[in-house]
Amino acid sequence: MRKRSVSNEKEGYNMKKIIVILSIISTLILGACGNEQSGQSEQEQLKLKLGNSAPETDPTGVLVTNISNELAERTDNAIEIEIFHGGQLGGEVEMVEQVRSGTIDMAFVSTGAFSNFSKDFAFLDLPFLFKDEAHAQKVLNGEVGDELKQKALETDVIILQFFDNGIANIATKDKPIYKPEDLKGVKLRTLENAIFTATFKTLGASPIAIPYPEFYTSLQQGIVDGSDPLHVTMVGGKIYELAKKLSKVGISYRAGILIINKDTYESLSNDLKDQFNEVIAQQYDIYKNEIYPEYQIYAEDVMTENGVEIIEADQIDIEAFKQAVQPVYDEFYDTYSHYLDKIMTN
């Protein structure tokens, strides 16, 4: 038997040493990666709180529930959204403030409520601003909407998407409205909103600012004669029990926005942000094409079944209404000309 040389023994020893070192390094790397992945997984297990003033069965309630369910499924529960429907967390203005401060993470609110924090949004309440809902969608999903999203960022809030909230009509207890003159002296409930107040005064009505929770009782007691409700307000608030005349004047378009706290959104990984955006885009289409229009039909059926007379637009002098509110544009044009000029040419 031949003896192994010293050099061969050293080579074998060195090879074993290298293998042991590589094994240790590999173990350390794998351990580090495992800890990193575990940390990321733990970090991305987010449970978000979302406030919504509408009941769960209203269009926006269905919308946010769908978004929550779809996100949980797509992300394997990495994002869970706990929804507080029916104004459990307060009114819309309160919910915006809570999103800004990070007390809650998300909310669905009207642009009217948001205008308390960014005055640029107030012009959206101008009467007959859009030709129809399709025009409004085009504007809010275009350059004007992008500018408003940038304004929202200044309040530490990100607007994820604009949505149709509805078309405001005029409902009264017993007086059908066909032309502006029919509103003379009619007491109409409104929000504390300069544009709404100016619009009603210009039309000859007597606007009275009343919080929405007090509207039904105020109508019942004769404090007001009517308001400019959306279909969802007429049905969700059971206003149809008292207001038996609904004139489809289409006096203004109301937009809703899904908002999220800026820090919350920016804390998401790029992958989760992509999932978030994809789900919202998908649910936007479902809401626009299915949930919202189907609810409008359902709401009119409910109103009719409960004795509400619906006066259609072709029975109303819409042009006379548009001419009558021109002084409102004269009053606010200089303030919002930047946006109005773009909308008028869109």
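Residues numbered from 1 in each chain as written. Predicted model: local features only at pLDDT ≥ 70, side-chain atom pairs only at ≥ 80, totals over all residues. Heavy atoms only, no water.

(A) View of the overall build of the protein chain. What the protein chain contains, in helices and strands, is 13 helices and nine strands. Taking all 346 residues of the protein chain together, the buried fraction comes to 47%. (Helix = DSSP H or I, 4+ residues; strand = E, 2+ residues; numbered from the N terminus. Buried < 20%, exposed > 50% of the residue type's maximum accessible area, 1.4 Å probe, protein only.)

(B) Local environment of the nonpolar core. One finds F123, L126, L129, L148, L183, I259 and F321 to be the most contacted residues of the largest nonpolar core, which totals 54 residues. For this core, the element with the highest residue contribution is helix α13 (residues 326-344), accounting for seven residues. In this view, L126 contacts I195, S252, V328, Y329, F332 and L340; residues no more than four positions away in its chain are not counted. Counting 27 residues, the second-largest nonpolar core is a separate cluster that includes L160, Y265, V279 and I280. (Core = buried A, V, L, I, M, F, W, Y, C linked by side-chain atoms within 4.5 Å. Contact = heavy atoms within 4.5 Å.)

(C) Focus on the pattern of salt bridges. In this structure the tally under the stated criterion is eleven salt bridges. In this structure, D228 and R254 form a salt bridge, with 2.6 Å as the shortest nitrogen-oxygen distance. Within this pair, whereas D228 is found in the loop between β7 (226-227) and α9 (231-236), its partner R254 is found in strand β8 (residues 245-261), the two being separated by 26 residues in sequence. Exposure class is identical for D228 and R254. Each is buried. One connected set of salt bridges, linked through shared partners, spans E70, R74 and E278. (Salt bridge = Lys/Arg side-chain N within 4 Å of Asp/Glu carboxyl O.)

(D) Quick peek at the packing of helix α2 (residues 59-74) against helix α11 (residues 270-305). Between α2 and α11, whose axes approach to 9 Å, the crossing angle comes to 150 degrees. In terms of orientation, α2 and α11 fall into the roughly antiparallel class. Handedness of the α2/α11 crossing: right-handed. Side by side, α2 and α11 meet where P59, T60, V62, L63, N66, I67, E70, L71 and R74 of the first sit next to Q275, F276, E278, V279, I280, Q282, Q283, Y287, I291 and Y295 of the second. For the contact of α2 with α11, the residue count by class is eleven nonpolar, five polar and three charged. (Axes fitted to C-alpha atoms, helices over the stretch in contact; angles between N-to-C directions. Parallel < 35°, antiparallel > 145°, perpendicular 65-115°, else oblique. Left-handed = near helix turned anticlockwise from the far one by under 90°. Nonpolar A, V, L, I, M, F, W, Y, C, P; charged D, E, K, R; others polar.)

(E) The pairing of strand β4 (residues 157-172), seen in detail. The buried fraction of β4 amounts to 15 of the 16 residues, a majority that puts the element mostly inside the structure. Sheet topology places β4 next to β8; 13 bridges connect them, and they run antiparallel. Its bridge partner lying in β8, A171 is registered against L246. Of the pairings in the sheet, the one linking β4 to β7 comprises two bridges and is antiparallel in character. Within the sheet, the bridge partner assigned to A171 lies in β7 and is S227. (Pairing = 2+ DSSP bridges.)

(F) View of helix α6 (residues 143-153). Buried within α6 we find V144, G145, L148 and A152. Buried residues along α6 cover an arc of 95 degrees about the axis, so they all sit on one side. At its buried positions, α6 is contacted by α4 (111-114), α5 (133-140), β4 and α13. (Arc of directions from axis to C-beta.)

(G) Fine view of the environment of D132. Along the chain, the position of D132 falls in the loop between α4 and α5. In sequence terms D132 and G250 are 118 residues apart; their C-alpha atoms lie 8.9 Å from each other. Polar contacts involving the side chain of D132 include one to the main-chain amide nitrogen of H135, which spans 2.8 Å. (Polar contact = N/O pair within 3.5 Å; in protein donor to acceptor, adjacent residues only side chain to side chain.)

(H) The arrangement of the side chain of N52 in detail. Its location among the elements puts N52 in strand β1 (residues 46-52). There is a polar contact of 3.2 Å between the side chain of N52 and the backbone oxygen of A54. Beyond its immediate sequence surroundings of up to four residues, N52 is in contact with T60, G61, V64, F84, H85, G86, G87, M95 and F108.

(I) Highlighting the packing of helix α7 (residues 194-202) against α13. Direction vectors running N to C along α7 and α13 enclose 155 degrees, while the axes themselves pass 9 Å from each other. With respect to α13, the axis of α7 lies roughly antiparallel. Here A194, I195, A198, T199 and T202 of α7 lie close against α13, whose contacting residues are P327, V328, E331, F332 and Y336. Residue composition of the contact of α7 with α13, by class: seven nonpolar, two polar and one charged.

(J) Structural detail: the packing of aromatic side chains. All chains considered together, the criterion is met by eleven aromatic pairs. Each ring, one from F123 and one from Y339, has its centre 4.7 Å from the other, and the planes form 5 degrees; the classification is stacked. Taken as a pair, F123 in the loop between α4 and α5 and Y339 in helix α13 lie far apart in primary sequence, 216 residues in all. This pair shows no difference in class: F123 is buried, exactly as Y339 is. Through pairs of rings, three or more aromatic residues link up here, namely F108, F163, Y284, Y287 and Y292. (Phe/Tyr/Trp six-rings, centres within 6.5 Å; stacked < 30°, edge-to-face > 60°.)

(K) Region of interest: the pairing of strand β2 (residues 79-84). When β1 meets β2, the two strands line up parallel, connected through six bridges. The residue bridging L46 from the neighbouring strand is I79, located in β2. For the segment spanning β1, α2 and β2, crossover handedness is right-handed. (Right-handed = clockwise from strand over helix to strand, strands pointing away.)

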